[in-house]
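# Descriptive analysis of the structure
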There are 2 protein chains.
Amino acid sequence: MSLTNTTNESSCKASRTQQAYAILRERILDNSFKAGEQMLETTLAENLGMSRTPVREACIQLEREGLIKINPRKGILIKPISAHDMSEIYDILCALEPQAARLVAEKSAQGQIACESLERLEKTTADMAAALANDNLHEWAMADEAFHFALLEMCDNQRLKDVVLQFWGQAHRARFFTLPYRKKPVDSTKDHIALVNAIKQGDGELAFRIHAEHRLKGKYNLLNIIKNFDLESL
Amino acid sequence: MSLTNTTNESSCKASRTQQAYAILRERILDNSFKAGEQMLETTLAENLGMSRTPVREACIQLEREGLIKINPRKGILIKPISAHDMSEIYDILCALEPQAARLVAEKSAQGQIACESLERLEKTTADMAAALANDNLHEWAMADEAFHFALLEMCDNQRLKDVVLQFWGQAHRARFFTLPYRKKPVDSTKDHIALVNAIKQGDGELAFRIHAEHRLKGKYNLLNIIKNFDLESL
DNA sequence: TCAATATTTAATGTATACATTATTTTTTAA
DNA sequence: TTAAAAAATAATGTATACATTAAATATTGA
């Protein structure tokens, strides 16, 4: 599960601030840093082999991104995600991702969607089905993510893409941890197929409705798991 | 037009970084700093009477917020807004604000909306109508903003509120500049009244549809002005 | 003259020193 | 012993010094 905004812009060597940002973000997303953990600027700087300055600058960005909370004399807190946080995040994704689907379908109606893009959607959907057949939930989640990201790439709205990725990032750990508790997500493959068809037909309203429904199911799935298994903060 | 996130959290004296952030943000939003203008960190630091460090930290946040672009050896660029930018921003707001309306209506259905909140919506709507009657577009815009913000306050989703405010911020100057070119926004009062009714009835779906329609009109209004008057970048 | 190269300049990126302040510890007095 | 006050501590907030590097300028050789 990448979830790294692989824009890799400028591609030349990254500044220490950028390095610190990338490393810290990765460690948060892959759970090397546990939720609730707190660390001092100084400690982080030592660990990363750099001075406090770039660490601070990276942390400011991570805080804006909603991944950490800077607690002035307590340290950098890796923000845990509560059920309420999750609900907030999904209410945003439930609005934004269907909008992305609509935009893609509308572009498609005007013949502005490349074949390869549609094929990528179909490929990732097939990957999901295959992973499901093999009972490999981790692979399934990766393919699911790939589908959703591909859709975002296609909608030609950088801001929309960025903001959705931001909230995916916040929800990432929770999705990962609840994965084993999910009942087999057999419907999701169907939803994706239906969405791709709506896009091909260029029916924006339909694409929106299908994706909204799809996301809403995802929300309730996740929230039920968090409540039933008493995973109050992840 | 405040548009400042008046959370005023911690309320104790603000750090220089926070001061710099607040001042710079205000100057960008109120157009003291013109779009396209570029300034050096050093210059800004001198102007604000502080060292580069807090200015840098503030700028990092403003860049994340989409208001400036830090161009390594060129300076801090006040980002101009193009028609395409505007379209991106409104496609996001067209998804998020109706979602906020839905959430408020659903809370209302469960009797969780305070009377004063509904009254605030009605008050700001009345203010809009009054401003319109007086041909005072500036007052109208302020009341309109107040209505939209009040709605966001009511939806009990801090993230949703923050992210909508972020994009309002990006669009702020453009809305302000196009104000005199707008045809009298007589419909908007009606839309707001209809929305408040839907909320009172607790009809989330209706509230969503009304607000989506409302925002979509706003989008086309603004984009047409930008195109017709050749305001390519604001 | 002009293009290629070397030099200088000026701005940022980064480290570090210092100032400030919340917290903790120690001291003191009842 | 314990609560209040004082001192010490430790972390951040901020300024500044230095390193790096892109851009601008000057130099050189054809």
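Residues numbered from 1 in each chain as written. Chains lettered and ligands numbered in written order. Predicted model: local features only at pLDDT ≥ 70, side-chain atom pairs only at ≥ 80, totals over all residues. Heavy atoms only, no water.

## Overview of the packing of aromatic side chains
The criterion, for reference: Stacked, tilted and edge-to-face are the three classes applied to pairs of Phe, Tyr and Trp rings, where Trp contributes its six-membered ring and a pair requires centres within 6.5 Å; stacked means planes under 30 degrees apart, edge-to-face means over 60, and tilted covers the rest. Only protein chains enter the area calculation, which uses a 1.4 Å probe; residues under 20% of their type maximum are buried, those over 50% are exposed, and those in between are partly exposed. Only DSSP runs of H or I with at least four residues qualify as helices, and only runs of E with at least two residues qualify as strands; both kinds are numbered from the N terminus onward. Charge over a ring is defined by NZ of Lys or CZ of Arg lying within 6 Å of the ring centre and within 35 degrees of the ring normal.
Following the criterion strictly, the structure yields five aromatic pairs over all chains and no others. A centroid spacing of 5.9 Å and a plane angle of 75° characterise the contact between Phe176(A) and Phe177(A), whose relative ring orientation is edge-to-face. In this structure Phe176(A) comes out as partly exposed when scored by relative accessible area, which is 36%. Relative to Phe208(B), the ring of Phe208(A) lies with its centre 6.3 Å away and its plane at 35°, an arrangement referred to as tilted. With Phe208(A) in helix H9 (residues 204-228) and Phe208(B) in helix H9 (residues 204-228), the pair connects residues from two separate chains. Exposure class is identical for Phe208(A) and Phe208(B). Each is buried. Directly above the aromatic system of Phe208(A) lies the positively charged group of Arg102(A), at a separation of 4.2 Å from the ring centroid.

## A word on the protein's contact with DNA strand D
Where we set the bar: Note on terminology: near, applied to a residue and a molecule or strand, indicates that one of the residue's heavy atoms is within 4 Å of it. Two N or O atoms form a polar contact when they lie within 3.5 Å of each other; inside protein one atom must be a possible hydrogen donor and the other a possible acceptor, and for residues adjacent in sequence the pair counts only when both atoms belong to side chains. Residue polarity follows a fixed list, in which Ala, Val, Leu, Ile, Met, Phe, Trp, Tyr, Cys and Pro are nonpolar, Asp, Glu, Lys and Arg are charged, and the others, Gly among them, are polar.
Lining the immediate environment of DNA strand D, one finds 18 residues, of which Arg56(A), Pro72(A), Arg16(B), Ser51(B) and Thr53(B) sit closest. Those atoms of DNA strand D that come within 4 Å of the protein belong to sugar or phosphate at a rate of 67%. Here Arg56(A) contributes a side-chain N or O atom positioned 2.5 Å from a phosphate oxygen of DNA strand D. Thr17(B) places a side-chain nitrogen or oxygen 3.3 Å from a phosphate oxygen of DNA strand D. Counting only elements with at least two residues in the surface near DNA strand D, the list comes to helix H2 (41-48) and helix H3 (52-64) of chain A together with helix H1 (16-29) and helix H3 (52-64) of chain B. The element best represented in the surface near DNA strand D is H3(B), accounting for three residues. Among the residues forming the surface near DNA strand D, the class breakdown is four nonpolar, five polar and nine charged.

## What to know about the state of the cysteines
To keep things clear, this is the line we draw: In plain terms, two cysteine sulfur atoms within 2.5 Å form what is called a disulfide here.
For the structure shown, the criterion picks out zero disulfides over all chains. With no disulfide of its own, Cys115(A) has Cys155(A) as its nearest cysteine by sulfur position, at a separation of 19 Å.

## Let's talk about the relation of the copies chain B and chain A
Selection rule: Each copy is superposed on the other by least squares, with the fit set by C-alpha atoms of residues at a pLDDT of at least 70 in both. Whether two residues are in contact is decided by their heavy atoms: any pair within 4.5 Å suffices.
Of the two same-sequence chains, chain B is brought onto chain A (RMSD 0.0 Å, axial shift 0.0 Å) by a rotation of 180°. On this basis, the relationship between the two copies can be described by a two-fold rotation axis. For chain B, the minimum C-alpha distance to the rotation axis belongs to Ala95(B) and amounts to 2.7 Å. By residue overlap, the copies meet face to face through one surface: 100% of the interface positions of chain B are interface positions in chain A.

## Quick word on the UniProt feature "domain: HTH gntR-type" (unreviewed entry) in chain A
Put simply, the rule reads: UniProt positions are given in the numbering used here, feature names are shortened, and annotations may be inferred rather than shown by experiment.
The residues that UniProt annotates with the feature "domain: HTH gntR-type" (unreviewed entry) are residues 14-81 of chain A. As annotated, residues 14-81 of chain A has a helix share of 51% and a strand share of 15%, and its two end C-alpha atoms lie 30 Å apart.

## Concerning unusual backbone geometry
Not every positive phi belongs to a glycine, and Asp156(A) is a case in point at roughly 60°. Tracing the chain through its elements places Asp156(A) in the loop between helix H6 (137-154) and helix H7 (158-178). In this structure, Asn31(B) is a non-glycine residue whose phi angle is positive, near 70°.

## Focus on the protein's contact with DNA strand C
Taken together, 18 residues surround DNA strand C, and among them Arg16(A), Ser51(A), Thr53(A), Arg56(B) and Pro72(B) come closest. For DNA strand C, the backbone makes up 65% of the atoms found within 4 Å of the protein, where backbone means sugar plus phosphate. Thr17(A) is positioned with one of its side-chain polar atoms (N or O) 3.3 Å from a phosphate oxygen of DNA strand C. Within the side chain of Arg73(B), a nitrogen or oxygen atom sits 2.9 Å from a base nitrogen of DNA strand C. The set of elements that each furnish at least two residues to the surface near DNA strand C consists of helix H1 (16-29) and H3 of chain A together with helix H2 (41-48) and H3 of chain B.

## Topic: the pattern of salt bridges
Side-chain pairs of opposite charge can arise whenever the charged atoms involved come near each other. Residue and element names in this part refer to chain A. In plain terms, the rule: Here, a salt bridge means any Lys or Arg side-chain nitrogen found within 4 Å of an Asp or Glu carboxyl oxygen.
The full count for this structure, using the stated rule, is 35 salt bridges over all chains. Across the salt bridge formed by Arg-102 and Glu-205, the nearest N and O atoms sit 2.8 Å from each other. With a gap of 103 residues between them, Arg-102 in helix H4 (residues 83-109) and Glu-205 in helix H9 connect regions that are remote in the sequence. The exposure class of Arg-102 is buried, given its relative accessible area of 17%. Across the pair Glu-153 and Lys-161 runs a salt bridge whose closest N-O atoms are separated by 3.4 Å. Look at Lys-161 and you get buried, because its relative accessible area is 10%.

## What to know about the pairing of strand S2 (residues 68-71) of chain B
Residues and elements named next belong to chain B. Going by this rule: Pairing between strands requires that DSSP locate at least two bridges from one strand to the other.
Both S2 and strand S3 (residues 75-78) contribute to a ladder of four bridges, which runs antiparallel. Residue pairing for S3: Lys-69 is matched across the bridge by Leu-77. Between S2 and S3, which pair antiparallel one after the other, the connecting turn spans three residues.

## Let's talk about the side chain of Glu57(A)
Summarising the element assignment, Glu57(A) is placed in helix H3. For Glu57(A), the residues in contact, after removing those within four places along its chain, are Thr17(A), Arg56(B) and Ile60(B).

## Observations concerning the nonpolar core
Rules: Only buried residues count toward a nonpolar core, which is a set of Ala, Val, Leu, Ile, Met, Phe, Trp, Tyr and Cys residues joined through side-chain atoms within 4.5 Å.
By size, the foremost hydrophobic cluster in this structure holds 88 residues, and its most contacted members are Met86(A), Leu96(A), Leu121(A), Met86(B), Leu96(B) and Leu121(B). Once you skip the residues sitting within four places of it in the chain, Leu121(B) turns out to touch Phe147(B), Ala150(B), Leu151(B), Met154(B), Val196(B) and Ile199(B).

## Looking at the environment of Leu29(A)
Relative to the helices and strands, Leu29(A) is located in helix H1. Placed 85 residues apart in sequence, Leu29(A) and Ala114(A) show a C-alpha to C-alpha distance of 32 Å.

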